[in-house]
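Spelled out, the chains give:
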Amino acid sequence: MAGLDLTNLSPADAVAALRSYPRRFRAVLVPLAEDPTVADRLARVGPDGRSALDITADVARTIVLLDGALAQALVHDDAVLHPAVTDAAARHWDGAPADLDGTLVLLDDGCAAMADRAEQASSAAWYRTSAVAGADQPIETFDLLREAVRVGGDGLRAVERTLAAVR
């Protein structure tokens, strides 16, 4: 299955996507949480080995990570970013995800912070580059925003697939 085509994504489009993710994840997850007969579906492991709650927590944590990297890249001329900004396999999270409410708050906060930061950035800032620890190529600042949009979109589709599979 092909992911999102982000080749023509603009900063304004990215901001709109980031601001929409909390609402879109809630639309999929919250009706289940309010129904005691299906609430356990959120914690059931789907075909890819993750639950809908795990996927949502990973999305929220990754967006927070990418927002931190964006903050560094926008401020420091010689920023060196964590490998996890470009390598999903390097994204390791300690502990189990919080409950649904805590996970959605983290998603809200991360998306809002990154969208706010992106709105305040100058157009020239998007072409700045930063090193990624262990990588051969630098990354443009806009690629951090693009990755956040990709992670959110892919995560939302994964949650929908997982919930459909565990019915």
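Quick caveat: nothing in here was measured; it's all calculated off a predicted structure. Note that residues are indexed from 1 along each chain, following the sequence as it is written. Local features in this predicted model are restricted to residues whose pLDDT is 70 or higher, and side-chain atom pairs enter the listing and the counts only when it is 80 or higher, whereas totals over whole chains, interfaces and linings include all residues. Hydrogens and waters are ignored; side-chain quantities use all the structure's heavy atoms.

Trainee: Is there a simple way to think about the pairing of strand 2 (residues 129-132) in this case?
Mentor: Each regular strand shows side chains that alternate between the opposite faces of the sheet. The classification of residues rests on relative accessible area computed with a 1.4 Å probe and restricted to protein chains. Under 20% of the type maximum is buried, over 50% is exposed, and intermediate values are partly exposed. Going along the chain from the N terminus, every DSSP run of H or I of four or more residues is numbered as a helix, and every run of E of two or more is numbered as a strand. Going residue by residue along strand 2, you find Ser130 and Val132 tucked away on one face and Thr129 and Ala131 left uncovered on the opposite face. In this scheme, strands are said to pair when DSSP sees at least two bridges between them. Bridge count for strand 1 (residues 80-81) against strand 2 is two bridges, and the pairing is parallel. Within the sheet, the bridge partner assigned to valine 80 lies in strand 2 and is alanine 131. In the sheet, strand 2 pairs with strand 3 (residues 139-140) via two bridges, with the strands oriented antiparallel. Bridge assignment links threonine 129 to a residue of strand 3, and that residue is glutamate 140. Linking strand 2 back to strand 3 in an antiparallel pair, the connection comprises six residues, with glycine 134 at a positive phi of about 85°.

Trainee: Hey, could you run me through the confidence of the model for the chain in this one?
Mentor: Averaged over every residue, the pLDDT of the chain is 89; residues scoring 70 or more account for 92%. Confidence scores labelled pLDDT are given residue by residue by the predictor and lie between 0 and 100. When the elements of the chain are averaged for pLDDT, helix 1 (residues 11-33) gives the smallest value, 90, and strand 1 the largest, 96.

Trainee: So what exactly am I meant to see when it comes to the pattern of salt bridges here?
Mentor: A side-chain nitrogen of Lys or Arg and a carboxyl oxygen of Asp or Glu constitute a salt bridge if their distance falls within 4 Å. In total, this model carries 12 salt bridges according to the counting rule given. Notably, a salt bridge pairs arginine 91 with glutamate 147, separated by 2.9 Å at the nearest N-O pair. Of the two residues, arginine 91 sits in the loop between strand 1 and helix 3 (100-120) while glutamate 147 sits in helix 4 (residues 141-165), which places them 56 residues apart along the sequence. No difference in accessibility class separates arginine 91 from glutamate 147, as the two residues are buried. One salt bridge in this structure joins arginine 157 and aspartate 154, with 2.5 Å as the shortest N-O distance. Pair noted here: arginine 157 and aspartate 154 are both in helix 4, with a separation of three residues, about one helical turn. Residue classification places arginine 157 among the partly exposed residues on the basis of a relative accessible area of 22%. By relative accessible area, aspartate 154 is classed as partly exposed at 24%. Salt bridges sharing common partners tie together Arg91, Glu147, Arg150, Asp154 and Arg157.

Trainee: Would you mind going over the packing of helix 2 (residues 52-75) against helix 4 with me for this structure?
Mentor: The packing of two helices is summarised by the inter-axis angle and the distance between the axes. Comment: axis = line fitted to C-alpha atoms, over the contacting stretch for helices; angle = value between 0 and 180 degrees taken between N-to-C directions. With their axes 9 Å apart at the nearest point, helix 2 and helix 4 run at an angle of 175° to one another. For the element pair helix 2 / helix 4, the angle class is roughly antiparallel. On helix 4, the residues that touch Ala52, Ile55, Thr56, Val59, Thr62, Ile63, Leu66, Ala69, Leu70, Ala73 and Leu74 of helix 2 are Thr141, Leu144, Glu147, Ala148, Val151, Gly152, Gly155, Ala158, Val159, Thr162 and Leu163. Each residue gets one of three labels, nonpolar for Ala, Val, Leu, Ile, Met, Phe, Trp, Tyr, Cys and Pro, charged for Asp, Glu, Lys and Arg, and polar for the others, Gly among them. Split by residue class, the contact of helix 2 with helix 4 holds 15 nonpolar, six polar and one charged. Note on angle classes: values under 35 degrees are labelled roughly parallel, values over 145 roughly antiparallel, values of 65 to 115 roughly perpendicular, and the remainder oblique. It only takes one pair of heavy atoms within 4.5 Å for two residues to be counted as in contact.

Trainee: Looking at this model, I keep getting lost on the nonpolar core. Mind explaining?
Mentor: Nine residue types can take part in a nonpolar core, namely buried Ala, Val, Leu, Ile, Met, Phe, Trp, Tyr and Cys, and a core is a set of them joined through side-chain atoms within 4.5 Å. Membership of the largest hydrophobic core comes to 46 residues, with the highest contact counts inside it found for Leu18, Phe25, Leu29 and Leu144. Of all elements in the fold, only helix 1, helix 2, helix 3 and helix 4 reach the threshold of two or more residues within this core. In terms of residue count, the dominant contributor to this core is helix 2 (11 residues). With residues near it in sequence (within four places) discarded, leucine 18 still touches Ile63, Cys111, Met114, Ala115, Leu145 and Ala148.

Trainee: So what exactly am I meant to see when it comes to the side chain of aspartate 67 here?
Mentor: Take aspartate 67: it is sitting in helix 2. Given a relative accessible area of 8%, aspartate 67 falls into the buried group. What aspartate 67 contacts, discounting residues up to four positions off in sequence, is Ala113, Met114 and Arg117.

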